[in-house]
Structures are given as C-alpha cells and as structure tokens.
Amino acid sequence: MAVLPIRIQGEPVLHTPAEPVTEFDDALRTLVDDMYETMDAAPGVGLAGPQVGVNKRLFVYGWTDDDDIEHRGVAINPVLWIQPTPVGEADEEDEIEGCLSFPGERFPLRRSPAAILQAVDLDGTPFEIQAEGWLARIFQHEYDHLDGILYLDRLPRPFDKEWPKISRKRGWGVPGQAWEPGVDQLEG
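Think of each chain on its own: its residues are numbered from 1, step by step along the sequence as written. In keeping with the model being predicted, local features are shown solely for residues with a pLDDT of at least 70 and side-chain atom pairs are shown and tallied solely at 80 or more, while totals for entire chains, interfaces and linings include all residues. The basis for the side-chain values is all heavy atoms of the structure; hydrogens and waters are excluded.

A. Representation of the environment of E92. Put simply, DSSP marks the helices as runs of H or I at least four residues long and the strands as runs of E at least two long, and each gets a number from the N terminus on. Position of E92 relative to the elements: it lies in the loop between β4 (70–82) and β5 (96–98). Overall, E92 belongs to the exposed group, its relative accessible area being 52%. C-alpha separation for the pair E92 and L109, spaced 17 residues apart in sequence, amounts to 8.2 Å. Throughout, a contact is declared for two residues whenever any of their heavy atoms are within 4.5 Å. Not counting residues within four places of it along the chain, the set of residues in contact with E92 comprises P108 and F159. We call a residue buried when its accessible area falls under 20% of the maximum for its residue type, exposed when it is over 50%, and partly exposed in between, using a 1.4 Å probe and counting protein chains only.

Here it is in structure tokens:
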C-alpha cells in the first residue's frame, strides 16, 4: 500500500464529473487499499477517486461514531438519495465541514440530515446504507466529488467570498497542486 498525493482545489480532475468504474480487478483493489491508507494518513473521514487524481466514481470512508461503531467501506459507482436540506443557516459548530482538497480550512455548510447510499463493493456486489447525521454528511461530501463539485462550491455568503481569497493567497486554484499526507503535514 502507498500514500497517494491529494489534489488541491484547482486541479481539473476535481472539477470534472468522474467516469464509472468498469474494471473490477487487482488494480482497483490496489487503488482502494492506497486510498484507505491515504485517507487514514491525512487524516480524513472520506476520500474520493478524483482527489487522488483518478477520474473514477468511487470513494472510501472511515469514521467512528459517538457509540464507538466504526463505519468503513468503499462505494463504487454510487447513487445517493437525500432528504431535502433544512432551510436556514448552518450551525457554525455542528455543521462545519472541511476537505482534504482544501486542507486546513473549515466552513459551515448545511447538508441533508439523512441519505441512502446505493453502490457496489470491490466484488461488484450491490449494497445499500441508510445514513443519518455525520455519516450522511460524509456520503454527500464524497458523492459531490464524483460530480466535480467541491463543498466550497456550495458555501453560502459570506463564506463563498472568503475561500477564494484563501486559495489565491496559498497559490491554489491552478492545476498541478497537491499535498502528500505524512510529508506535508497539512490537515483538511
């Protein structure tokens, strides 16, 4: 297994809809193992193919809830069903979100409180997960990556004006920017 470089906002693969996974082979298994290792090293709770430069519809996730239940898996060619997002401003403590592709920053973002994830695993076997709360948020965030959407694209005012300033200051927003967990010591 290997830790992969994580692409930073501005890299074209992050802003392009991903293609379906069609080959379920050893190369896919290696990619998924590397994605888990990269996510864990970052550390993060999810990582999508485009974030490691792979324009394929898959993501890994790993999070332990307040009851010490570990939620960990891979979703390949997912479909995500969500409830309508509640109206109103996001709570700046409970609804704060970050992204490994915009490391070191967090912004409040309102998301749907529940989601149903339908996908296949590494063997091509279909599964479904009904998620609420933080797990639903993780699924929505990672699924957005597969459609070429970063959480930054969804931020309300005034945060939609703040993140571009940070991006320019750090020299991001252009192709070729990446960081490597364990080397660059950035957190998303």
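B. Just the layout of surface pockets, in detail. The pocket and cavity definitions rest on a 1 Å grid over protein atoms only: a 1.4 Å probe that fits but cannot leave marks a cavity, an open set with protein on both sides within 12 Å along at least five of seven lines marks a pocket, and residues lining either have an atom within 4 Å of a point. Grid points are joined across faces, edges and corners, and a volume is the space filled by probe spheres set on the points. The computed volume of the second largest pocket comes to approximately 280 Å³. What lines the second largest pocket is a set of 17 residues, among which Q130, A131, E132, W134 and L135 lie closest to the centre. Looking at the lining of the second largest pocket, the elements that each hand over two or more residues are β3 (58–64), β4, β7 (114–120), β8 (126–132) and α2 (133–146). Ranked by residue count, the leading element in the lining of the second largest pocket is β8, at four residues. Of the residues belonging to the lining of the second largest pocket, the class tally is 10 nonpolar, four polar and three charged. By the convention adopted, Pro, Cys, Tyr, Trp, Phe, Met, Ile, Leu, Val and Ala count as nonpolar, Lys, Arg, Asp and Glu as charged, and the other residues, Gly among them, as polar.

C. View of the UniProt feature "binding site: Fe cation" (unreviewed entry) in the protein chain. UniProt positions are given in the numbering used here, feature names are shortened, and annotations may be inferred rather than shown by experiment. UniProt feature "binding site: Fe cation" (unreviewed entry): in the numbering of this structure it lies at C99, H141 and H145. For the annotated residues, spread through 47 residues, the largest C-alpha to C-alpha distance comes to 10.3 Å, consistent with a single compact locus. Along the chain, H141 turns up in helix α2. Assessed through its relative accessible area of 7%, H141 is described here as buried. For H141, the contacting residues outside a window of four places in its chain are E97, G98, C99, R111 and Y151.

D. Representation of the sheet that holds strand β2 (residues 46–48). Two strands pair if DSSP finds at least two bridges between them. Read from one edge of the open sheet, five strands run β2-β3-β4-β7-β8, paired in antiparallel fashion. What marks the edges here is a single partner per strand, and that holds for β2 and β8. Here the average twist between neighbouring strands, direction ignored, is 40 degrees. Relative to β8, β7 is paired through seven bridges, and the arrangement is antiparallel. Counterpart to A119 in the pairing with β8 is F127. Inter-axis angles, ranging from 0 to 180 degrees, are taken between N-to-C directions of lines fitted to C-alpha atoms, where helices are fitted over the stretch in contact. Each of β2, β3 and β4 is contacted by helix α1 (residues 26–41), which is oriented at about 40 degrees to β3, the strand it contacts most. Each of β2, β3, β4, β7 and β8 touches α2; the most contacted strand, β3, lies at about 160 degrees to it.

E. Looking closely at a negative patch on the surface. Together, E89, D91, E92, E93 and D94 make up a region of like negative charge exposed at the surface. Relative to the helices and strands, D94 resides in the loop between β4 and β5. Residue D94 is classed as exposed on the basis of its relative accessible area, which comes to 58%. Residues qualify for a patch when their relative accessible area is over 30% and they have no salt bridge, like charges being joined within 9 Å and the nonpolar side chains of Val, Leu, Ile, Met, Phe, Trp and Tyr within 5 Å. Residue exposure ignores everything except the shown protein chains as possible cover, and the areas themselves are Shrake-Rupley values with a 1.4 Å probe. Between Lys or Arg on one side and Asp or Glu on the other, a salt bridge is scored when a side-chain nitrogen of the former is within 4 Å of a carboxyl oxygen of the latter. Residues scored as positive are Lys and Arg, those scored as negative are Asp and Glu, and His as well as the terminal groups of each chain are ignored. Note that the charge is assigned to NZ on lysines, CZ on arginines, CG on aspartates and CD on glutamates.

F. Examining the nonpolar core more closely. The term nonpolar core refers to a set of buried residues drawn from Ala, Val, Leu, Ile, Met, Phe, Trp, Tyr and Cys, joined through side-chain atoms within 4.5 Å. Ranked by size, the top nonpolar core spans 35 residues in total, and within it L58 and F107 carry the most contacts. Within the residue set of this core, elements represented by two or more residues are α1, β3, β4 and α3 (159–170). Examining the composition of this core, we find that six residues originate from one element, α1, more than from any other. Core analysis: the next-biggest nonpolar cluster, separate from the first, contains 16 residues, A75, L117, A119 and A131 among them.

G. A look at the packing of aromatic side chains. Each aromatic pair joins two rings of Phe, Tyr and Trp (for Trp, the six-membered one) with centres within 6.5 Å, and gets the label stacked for planes under 30 degrees apart, edge-to-face for over 60, and tilted for any other angle. Under the counting rule described, the total for this entry stands at seven aromatic pairs. Ring geometry for Y61 against F139: centres 5.0 Å apart, planes inclined by 80 degrees, an arrangement best described as edge-to-face. With a gap of 78 residues between them, Y61 in strand β3 and F139 in helix α2 connect regions that are remote in the sequence. Across the pair, F139 and Y61 agree in class, each one buried. Aromatic pair F102 and W172: ring centres 5.2 Å apart, planes at 75 degrees, arrangement edge-to-face. Of the two residues, F102 is situated in the loop between β5 and β6 (106–108) and W172 in the loop between α3 and β9 (178–179); the sequence distance between them amounts to 70 residues.

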